[in-house]
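What follows is each chain in one-letter form.
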Amino acid sequence: MERNFYLSSARKSIFVLTFLLIKVGSSLAQDTIYKVDGDSIEGTIKSASKAGVIYTSQTQAKDSTNRTIASKDIRKIMYAHGRIEYFQSATAASDSTRRTSLQRSVPRYDVIHTTYGSHFEALIHKVDDQTITYSCPANKELTTIKLADVSAVHFKRADSLRSTLGTLTTIAKNSLKRDTTQARLPATTSGVLIEKGIADGDSTNLAADITPSDSAQWTKIEVENVEPIKVKLALLAPASHKANLVAFKGSAASSLAAKTEDKKYSQPSPALRSGSRNPDAEGSSPSIPRTGYADPDSVYVAVIRGPHLFSSQQKVDPQTVELLNLHNSGLDALPASVKAMPKLKAINLSNNHFKAFPTELFDLPNLEYVWLDNVGLQSLILSPDLITKLLKSRIAFISVCNNTKLSKVNSLIFTLPELQEIRLKDNKISQISLTKKADLSKSKIHKIDLSGNKLTAAPVLLTKLPTLRDINLSNNTIVTLDDKFMETKTLRKVSIASNPLAGLPASIVKLKDLNELDLANTMLIGLPDSIGTLNNLTKLTLPSSVLYFPKSFSKLKKLTDLTLKPSLSNSKLAGFPTEITQCTRLKRLDVSGISISAFPKEIGNLQRLEYLYAQRCELNSLPEELFKLPRLKVLDVSRNYLKVLPANFGDLKSLREISLEAQPIESNSLLALRRGLPRTAIRYLDADFGAHFESAAIPESLIPGFQKLYAACDAGEPNAFFELGNFFATNRDYGYAVKAYKVVAENASLQGTGKAMLCQMSIANIYDDINNVKPYSSPYKRKLYIDYDDYLKNSSNNRAFLSYLQISRIRALDEVGKEVRKQAMLKASVISNEIAENLEKIYEANNEEIERLISTAGGMKNLSATGEKVMSDGLISNSQAGVAIGGAANLIGALSASSKDNKAERYKAMNLRLQSEIINLKQQAHDLLPK
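Positions within a chain are numbered from 1, following the residues in the order the chain's sequence is written. Confidence filtering applies because this is a predicted model: local features only for residues at pLDDT of at least 70, side-chain atom pairs given and counted only at 80 or more, and all residues used for totals across whole chains, interfaces and linings. Water and hydrogen atoms were dropped before computing side-chain values, which therefore reflect all heavy atoms in the structure.

(A) Representation of the overall build of the protein chain within the structure. Regarding its fold elements, the protein chain presents 16 helices and 36 strands. Accessibility here uses a 1.4 Å probe with only protein chains present; expressed as a share of the type maximum, an area under 20% marks a residue as buried, one over 50% as exposed, and anything in between as partly exposed. Evaluated residue by residue, the protein chain yields a buried proportion of 50% over its 931 residues. Between two residues, a contact is recorded if the distance between any of their heavy atoms is within 4.5 Å. Of the contacts made within the protein chain by residues no fewer than 6 positions apart, 51% connect residues no fewer than 24 positions apart. The method behind every accessible area is Shrake-Rupley, applied with a 1.4 Å probe, and residues are considered shielded solely by the protein chains displayed. Accessible surface computed for the protein chain: about 43000 Å², of which carbon and sulfur atoms make up 51%. Helix and strand definitions here come from DSSP, where helices need a minimum of 4 consecutive H or I residues and strands a minimum of 2 consecutive E residues; each element is numbered from the N-terminal end.

Put into structure tokens, the structure is as follows:
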């Protein structure tokens, strides 16, 4: 009984001891160096420099000799405390990865780049004049790196930066001392990058990343101290920063101001981009007149850090500020200093904490643009007492979006006399109440966005706005549209997408000026006969649930853009509606995702069609009439079941892009397509590479020679196909190169001839790209193996090696064939030896792991034995604690030792197989050497 009691206590104590063992184990954890060749080393990192990394290996317990490994041989280092440091590789692929890491505009964490060519992700906590204090994403433990070892820092957020300008200058100077050709940094980059609008460096080389969405834009800006500073644009950093001011002047500053204005405040003009699925997509911001920026030397941009906006110490003249960005500044009220900005035109208050609309904005005499997105606004009910202020305001644009508690709005905000656009999307608005004193008869509002709310009907307010042209009611819960809504006769663009709308009223005929109508993802099953009277309708989006198209549909003579989108409704179109083919003015047609199965021959009626998108339409074939459309520029029929294409595709003289991805198009059909459309870019799935390829348009200067080659191919000359393959390979069009070579290589009558074997060798050489020099991705490329499992899984995909082996076994019929066979045997021998060496390194790594497992298993067995003794002694001495701790140690030690022994046995069995593979590969390499 007493023994059982002690054993029960031992089980209860197991978690305590487990925790202690884990803590001890973590303190003994080693750094791991992962080499470029796939090997790895466990040890302790002593130091790192441009010459390399100095470490002590832990493979041998008694060996503490310092060793050095060159930085170029290191892929990454995983430190015991959690930091993962990536090193620059000599390959082009690694350089590209490094440039992407440095230049991406929204990194997951801060990124620290070292002077010896590596970089790692971190959470920066402090920067002083000697060190950077940081923690790793996977570990909360604080650690430091010397500033002298840092070449660049890319901050994720502006509030990550807690340093003085002098500290940043030190980092910038380190960056300038580096070998920039090795570092792959833009020549004008000082090395200090901050994500959201703040950038500091030394006085002659300042890196600015003011536009996060455009990581390719880097600007060299000169800093000049001017007192007092007259600014056009002011950006406030979070209050955690020390009070500091940086001003930019000159043409670079003008460019920066223009970029910021364009990105944050201006709406890009619509552009019909070739191949664009949505050529009329709008930007997220309204147009702002470009005023006061003509003279670059008069433009200043001020970045202000600190809790006080404009103090006397900062010597900024608030009278000159026109644009003010207080985005994400921790504000819950409008700063009093904003009222001292009489020329202020635009203010961004998004991502702050305003429960109510800051009515002080109505007092600013020149304010035109206001952003209050995601500020926690709970109500937009304005008091009638504000009418006098409202009528004096010049606000033309308001954005109040993403406020999840905002449910009620009254009409007073719509009485602003200069208001032209208001965005109220993604709130919880269920109604907009009319206020008696709100006179909307003189309203200038032309655009309202109420998408993503809780509306069950179109607000009556809309019918009282005399200039309303654009209304977005998508993503609400609107079931019907009443006749009153149709009295808004000025409407030109209406979106009611993603609503449970069951039908359109016949009174839609009243919307005579309507240009665009979006009914996607609604419950419509038919269209009213009156739809045909919308004589100005140019763009229409319908759900696939529409089964009935009235005869009047063909009367939409101005319709140029038609989209049918998949619907959530159970009713679906059973085929392509032939009524569409009567809309002869169509320029763009998108039926992607609709199971039309086939295009009717009447598709040929659409002689003005320029863009046709038909992805995932279950198409098995395409009609010849489709390839007679004289103006077609873009054809996307990817992700269908096409295998061959009509022979008359050469008639599409205007076609510039054709997409055939994710379907098994036959090689002969693809070759014929390339010949018929030399000026067209072709995207397709290439079965030879297991990847998608894009074959670029043939340069105009090369087309005559290209056509002569094809003419020779028509005459059945094998050399012509070989030359055609060389033509494609020279232009890095490897998918088409392989297809041309295979015409000869797979010709049974030419097997064993030099012509066929040359083509086979050319195909093998394309796959033989272990250093990723050729710009394509494929699972069939030659590669090095990370471990034995990788070898077992992917060795059969090594098409270069397998192809060389196949050629080496062919009985050559002529001298050219014999010479090719010798070359193939030599290459196969080299690769066979290379794979054997690769497997030997895996074998050695396994042996090291076996030694480590056996060693640690021995320690665990000692722990188990010690635990058993402690438990026995505890029983003898009647010590409950001794029994508990001893029993837990005995159990954990035994289980851990067993697990490590089993794992060591698996590695031993793996190494036996590896030994056999290595012997066979080396023997094969010897046998393949030409005699």
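(B) Structural context of the packing of aromatic side chains. The aromatic pairing rule takes the rings of Phe, Tyr and Trp, using the six-membered ring of Trp, and pairs them if the centres are within 6.5 Å, calling planes under 30 degrees apart stacked, those over 60 edge-to-face and the rest tilted. What the rule picks out here adds up to 22 aromatic pairs. On the numbers, 5.3 Å between centres and 45° between planes, the contact of F120 with Y134 is tilted. Here Y134 lies in strand β9 (residues 131–136) and F120 lies in strand β8 (residues 118–127), a separation of 14 residues in the sequence. A relative accessible area of 0% means that Y134 is categorised as buried. Plain terms: the ring middles of Y684 and F693 are 6.3 Å apart, the flat faces sit at 25° to each other, and that makes the pair stacked. Members of the aromatic cluster, connected to one another through ring pairs, are Y684, F689, F693, F706, Y710, F727, F728, Y734, Y736, Y767 and Y776. Here, a charge over a ring is recorded when the distance from Lys NZ or Arg CZ to the ring centre is within 6 Å and its angle to the ring normal is within 35 degrees. Over the face of the ring belonging to Y776 we find K781, whose NZ or CZ atom lies 4.3 Å from the ring centre.

(C) Main features of the packing of helix α12 (residues 754–767) against helix α15 (residues 815–877). Direction vectors running N to C along α12 and α15 enclose 25°, while the axes themselves pass 8 Å from each other. By the angle between their axes, α12 is roughly parallel relative to α15. The way α12 lies across α15 gives a crossing that is left-handed. Note on element contacts: α15 touches α12 through V816, G817, V820, R821, Q823, A824 and K827, opposite G754, M757, L758, M761 and N765. In this count, Pro and Cys sit with the nonpolar residues alongside Ala, Val, Leu, Ile, Met, Phe, Trp and Tyr, while Asp, Glu, Lys and Arg are called charged and the others, Gly among them, polar. Considered class by class, the residues forming the contact of α12 with α15 number 6 nonpolar, 4 polar and 2 charged. Helix axes use the C-alpha atoms of the stretch in contact, all axes being lines fitted to C-alpha atoms, and the angles between their N-to-C directions lie in the range 0 to 180 degrees. With respect to orientation, any angle under 35 degrees is reported as roughly parallel, any angle over 145 as roughly antiparallel, any angle of 65 to 115 as roughly perpendicular, and every other angle as oblique. In this scheme, a crossing is called left-handed if the near helix is turned counterclockwise away from the far one by less than a right angle; it is called right-handed if the turn is clockwise.

(D) Molecular detail of the pattern of salt bridges. Any carboxyl oxygen of Asp or Glu within 4 Å of a side-chain nitrogen of Lys or Arg constitutes a salt bridge here. Evaluation of the coordinates by the stated rule reveals 26 salt bridges. The shortest N-O distance in the salt bridge between E610 and K633 comes to 3.7 Å. Taken together, the residues E610 in the loop between β31 (588–590) and β32 (611–613) and K633 in the loop between β32 and β33 (634–636) connect sequence positions 23 residues apart. Of the residues examined, K633 reaches a relative accessible area of 34% and is grouped as partly exposed. In this structure, E905 engages K908 in a salt bridge whose closest nitrogen and oxygen atoms are separated by 3.5 Å. Taken as a pair, E905 and K908 lie in helix α16 (residues 880–928) at a separation of 3 residues, close to a single helical turn. By relative accessible area, E905 is classed as partly exposed at 45%. Classification of K908 by relative accessible area gives partly exposed; the value is 34%.

(E) Broad picture of the environment of L527. With respect to the element layout, L527 can be found in the loop between β28 (516–518) and β29 (539–543). Once the C-alpha coordinates of L527 and Y548 are considered, the two residues, 21 residues apart in sequence, prove to be 6.5 Å apart. Contact partners of L527, with chain neighbours within four places excluded, come to L504, L542, V546, Y548, F549, P550 and F553.

(F) Spotlight on the pairing of strand β34 (residues 657–660). Of the two faces of β34, the one holding E657 and S659 and the one holding I658 and L660 are both buried throughout. Strands were regarded as paired on the criterion that DSSP finds at least two bridges between them. In this structure, β34 lies alongside strand β35 (residues 681–686), joined through 4 bridges in parallel fashion. Residue pairing in the sheet places E657 in a bridge with A681 of β35. Looking down the strands as they point away from the viewer, one classifies a crossover as right-handed if the path from the first strand across the helix to the second runs clockwise. In this view, the connection linking β34 to its parallel neighbour β35 by way of helix α8 (residues 667–676) has right-handed handedness.

(G) A look at a positive patch on the surface. On the surface, K557, K558, R585, K587, R608 and R631 cluster together to form a positively charged patch. Position of K557 relative to the elements: it lies in the loop between β29 and β30 (561–565). Here, patches come from residues exposed beyond 30% relative accessible area and free of salt bridges, joined within 9 Å for like charges and within 5 Å for nonpolar side chains (Val, Leu, Ile, Met, Phe, Trp, Tyr). A positive count includes Lys and Arg, and a negative count includes Asp and Glu. His and the chain ends are not counted in either. By convention, the point assigned to a charge is CZ for Arg, NZ for Lys, CD for Glu and CG for Asp.

(H) Quick look at the packing of helix α9 (residues 703–714) against helix α10 (residues 718–730). Interaxial distance between α9 and α10 falls to 8 Å at its minimum, and their mutual angle equals 150°. Taken together, the axes of α9 and α10 are roughly antiparallel relative to one another. Where α9 crosses over α10, the handedness of that crossing is left-handed. In this structure, α9 uses F706, L709, Y710, A712 and C713 to contact α10, whose residues at the interface are A720, F721, E723, L724, F727 and F728. Here the contact of α9 with α10 is composed, by residue class, of 10 nonpolar, no polar and 1 charged.

(I) Molecular detail of α15. A helix is expected to span 1.5 Å for every residue after the first. Its 63 residues give α15 an end-to-end C-alpha distance of 92 Å, which sits within 8% of 93 Å, the value for a rise of 1.5 Å per residue. Directly beyond the C-terminal end of α15, a positive phi value near 60° is found at N878.

(J) The nonpolar core, seen in detail. Residues grouped as a nonpolar core are buried Ala, Val, Leu, Ile, Met, Phe, Trp, Tyr and Cys residues, joined through side-chain atoms within 4.5 Å. Counting 175 residues, the largest nonpolar core has I347, F414 and F599 as the members making the most contacts within it. Listed in part, the 12 residues of the second largest apolar core include F120, A122, I145 and L147.

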